[in-house]
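Examination of the molecular architecture
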Amino acid sequence: GAKQESESIDDLCNRHPFCTTAFYGQNLRETAAIVFASDLYIGVDMGVTQIASCGNVPMIGLYQCLITKERAGPLEHPCDFSLNMPTPSSGCSKNLNSMGIISAKDVFHAAEKAVRLN
């Protein structure tokens, strides 16, 4: 993601080092191993989220308003709690690339539901 998203991820991992992992910089095999050994996966719609959708790990994919979870999200995943980014009042455009408008409250609410099922 953008620098702002990376800083937010690093901040979360620093505040909760025993229950969070940021895995950028690993190879694909290491990344998949981390995903499938996790209790919960949260990520934006990119390759790692597609990998997560292949397993049974509870997941929250964050989808941009042009490519929604209904269009690109996991199919028949048993524990999918993915979220669509709200469409701004100005409408959705290719220039809108910040997932930051998905509220942390919505992500934490989805995570609570996912953890209760697991």
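This structure is a prediction, so every number in the text was calculated from the model and none was measured.

About the criteria used
- Residues numbered from 1 in each chain as written.
- Predicted model: local features only at pLDDT ≥ 70, side-chain atom pairs only at ≥ 80, totals over all residues.
- Heavy atoms only, no water.
- Salt bridge = Lys/Arg side-chain N within 4 Å of Asp/Glu carboxyl O.
- Helix = DSSP H or I, 4+ residues; strand = E, 2+ residues; numbered from the N terminus.
- Buried < 20%, exposed > 50% of the residue type's maximum accessible area, 1.4 Å probe, protein only.
- Pairing = 2+ DSSP bridges.
- Polar contact = N/O pair within 3.5 Å; in protein donor to acceptor, adjacent residues only side chain to side chain.
- Contact = heavy atoms within 4.5 Å.

Now for the pattern of salt bridges. A full pass over the atoms with the stated rule returns 1 salt bridge. Residues Arg15 and Asp11 are paired through a salt bridge, measuring 3.1 Å at the closest nitrogen-oxygen approach. One end of the pair is Arg15 and the other is Asp11, both in helix H1 (residues 3-15) and 4 residues apart, which spans about a single turn. Residue classification places Asp11 among the partly exposed residues on the basis of a relative accessible area of 38%.

Moving on: the sheet that holds strand S3 (residues 83-84). The 3 strands lie next to each other as S1-S2-S3, forming an open sheet whose pairing is parallel. Sheet topology places strand S1 (41-44) and S3 at the edges, where each strand pairs with a single neighbour. Where strand S2 (residues 59-63) and S3 come together, 2 bridges link them in parallel fashion. From the neighbouring strand, Tyr63 faces S3, where its bridge partner is Asn84.

Attention now goes to the pairing of S2. The element S2 is extensively covered by neighbouring structure, given that 5 of its 5 residues are classed as buried. Side-chain alternation along S2 places Met59, Gly61 and Tyr63 on one buried face and Ile60 and Leu62 on a second face that is also buried.

Here we come to the side chain of Gln64. Mapped onto the elements, Gln64 comes out in the loop between S2 and helix H4 (69-72). On the basis of relative accessibility, which here comes to 17%, the residue Gln64 falls in the buried class. At 2.7 Å, the side chain of Gln64 forms a polar contact with the backbone nitrogen of Leu66.

Along the chain, the position of Ser82 falls in the loop between H4 and S3. On the basis of relative accessible area, Ser82 is assigned to the buried category, the value being 3%. For the pair formed by Ser82 and Ala111, sequence separation is 29 residues and the distance between their alpha carbons is 9.7 Å. Every residue in contact with Ser82, bar those within four places of it in the chain, is listed here: Met59, Ile60, Gly61, Tyr63, Lys69 and Pro74. Reaching out from Ser82, the side chain makes a polar contact with the backbone nitrogen of Gly61 at a distance of 3.0 Å. Within the structure, the side chain of Ser82 is placed 2.5 Å from the side chain of Asp80, a separation counted as a polar contact.

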